[in-house]
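# Survey of secondary and tertiary structure
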Amino acid sequence: ISALSTGPAQRARQLAVAMERLRWMQRDPPKTRIDVNTAATVLDYWRDGQHVDRRKVVAGEPDKPTPQLQSPLYRLVAKPTWTVPKGIGDKEVADKDPQWIADNGFALKDNLWVQASGPKNSLGFVKFDMQDREAIYLHDTPAKALFGIPQRHRSHGCVRVDDAVAFATDIAQQQGVLDKFQEAMLQDEETFIKLPKPIPVRLLYQTVFWDGSNVQFRQDVYGWDDNVAKALGLEPGAPQKIEQPESSDEIAP
């Protein structure tokens, strides 16, 4: 109802903001790259200038936004462990029942909770390590059901990738390290596989984008469009109210 009630002024404002964001970006992006649109929760993989893959992702919650950044993917991590950030550990692990903590593979190490490798690990079976100061990365997840819902802003900031093992396998094959990756996936412990050629990853935020055949609009879940719109001197566009015609045939409860 909210989308249908949005008038042309608001859509024009969204378009202007999206075009401004495009103006900031590199005109000739890397031919091989991974683009993640966190507003649309979609990942696109480009190889040698060709679009070869599109996957659903889960991005940060509205109050835990995935940042906009560009960083190289430089290694795959098979059967990763998870060192829980202290804030998350204190709020979401420390107060759990000891049996739950043990069943889910958590243990305290140097005052931080660490989750062991395995099917219950929050990072799933593979992690895509990036070189960035924000400690943001792509990873698998045991919560596969989240990829089946339309509103996929459910993470603490990192990006969960649908069928991440298959995606990592494709990357490993293209980089000539498939044997190493497959061997690592057969092990029970965390193993690092360095990529010979790091792949640029761009975490973007586009509430309006071209999907190849249509212009797509998405909700401004992080409220970042307002900042850009204000900088451009654009007034907020109020949703257009749709008047419902009166009818004498209304069925009362």
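Preceding block: the structure.
Described in the following lines is the structure provided in the data block. Quick caveat: nothing in here was measured; it's all calculated off a predicted structure.

## Details of the layout of surface pockets
A volume near 680 Å³ is recorded for the largest pocket. Along the wall of the largest pocket there are 33 residues; nearest its centre are Trp82, Ile88, Ser122, Leu123 and His156. Every element with two or more residues in the lining of the largest pocket is listed here: β5 (82-83), α2 (86-92) and β8 (126-130). When its residues are assigned to classes, the lining of the largest pocket shows 14 nonpolar, 10 polar and nine charged.

## Quick notes on the pattern of salt bridges
Going through the model one piece at a time under the given rule, you end up with 15 salt bridges. One salt bridge connects Asp28 with Lys31, and the closest N-O pair in it is separated by 3.9 Å. Take Asp28 and Lys31: they sit in the same class, and that class is exposed. Here Arg33 makes a salt bridge to Asp35, at a shortest N to O gap of 3.0 Å. Residue Arg33 is classed as buried on the basis of its relative accessible area, which comes to 10%. Judged by relative accessible area, Asp35 falls into the buried class, the value being 9%. Among the charged side chains, a network of salt bridges with common partners joins Arg33, Asp35 and Arg202.

## As for the environment of Ala18
Relative to the helices and strands, Ala18 resides in helix α1 (residues 8-24). The class for Ala18 is buried, based on a relative accessible area of 5%. For the pair formed by Ala18 and Gln219, sequence separation is 201 residues and the distance between their alpha carbons is 12 Å. Apart from the residues lying within four places of it in its own chain, the contact partners of Ala18 are Gln206 and Val208.

## Some remarks on helix α4 (residues 164-174)
Within α4, burial applies to Ala164, Phe167, Ala168, Ile171 and Ala172. Angular distribution of buried residues about the axis of α4 spans 135°; they occupy a single face of the element.

## Remarks on the packing of aromatic side chains
On inspection of all chains with the given rule, the structure shows six aromatic pairs. Taking 5.6 Å as the distance between ring centres and 15° as the angle between the ring planes, the aromatic pair formed by Trp100 and Phe106 counts as stacked. For Trp100, a relative accessible area of 33% gives the class partly exposed. Assessed through its relative accessible area of 9%, Phe106 is described here as buried. Taken together, the ring pairs in this structure connect Tyr45, Phe128 and Phe167 into an aromatic cluster. One residue, Arg11, lies across the ring of Phe217, its end atom 4.7 Å from the ring centre. Residue placement shows Lys127 over the ring face of Tyr137; its charged tip is 4.3 Å from the ring centre.

## Observations concerning the pairing of strand β4 (residues 69-78)
Bridge count for β4 against strand β12 (residues 191-204) is nine bridges, and the pairing is antiparallel. Across the sheet, residue Leu73 finds its bridge partner in β12, namely Ile199. Relative to β8, β4 runs antiparallel, the two being bridged by five bridges. Directly across from Leu76, in β8, lies its bridge partner Phe128.

## Here we look at the sheet that holds β5
Strand order in the open sheet formed by three strands is β5-β7-β6, and the pairing between neighbours is antiparallel. For this open sheet the edge positions go to β5 and β6 (106-109), each flanked by a neighbour on one side alone. The pairing of β5 with strand β7 (residues 112-115) spans two bridges and is classified as antiparallel. For Trp82, the partnering residue across the bridge sits in β7 and is Gln115.

## Side note on the packing of α4 against helix α5 (residues 178-185)
Describing two packed helices takes the angle between their axes plus the distance from one axis to the other. Where α4 meets α5, the closest approach of the two axes is 8 Å, and the angle between their N-to-C directions is 145°. For the pair α4 and α5, contact is made by Val165, Ala168, Thr169, Ala172 and Gln173 and by Leu178, Phe181 and Met185, respectively.

Conventions we followed
Residues numbered from 1 in each chain as written. Predicted model: local features only at pLDDT ≥ 70, side-chain atom pairs only at ≥ 80, totals over all residues. Heavy atoms only, no water. 1 Å grid on protein atoms, 1.4 Å probe; cavity = no way out; pocket = protein on both sides within 12 Å on 5 of 7 lines; lining within 4 Å. Points joined across faces, edges and corners; volume = space filled by probe spheres on them. Helix = DSSP H or I, 4+ residues; strand = E, 2+ residues; numbered from the N terminus. Nonpolar A, V, L, I, M, F, W, Y, C, P; charged D, E, K, R; others polar. Salt bridge = Lys/Arg side-chain N within 4 Å of Asp/Glu carboxyl O. Buried < 20%, exposed > 50% of the residue type's maximum accessible area, 1.4 Å probe, protein only. Contact = heavy atoms within 4.5 Å. Arc of directions from axis to C-beta. Phe/Tyr/Trp six-rings, centres within 6.5 Å; stacked < 30°, edge-to-face > 60°. Lys NZ or Arg CZ within 6 Å of the ring centre and 35° of its normal. Pairing = 2+ DSSP bridges. Axes fitted to C-alpha atoms, helices over the stretch in contact; angles between N-to-C directions.

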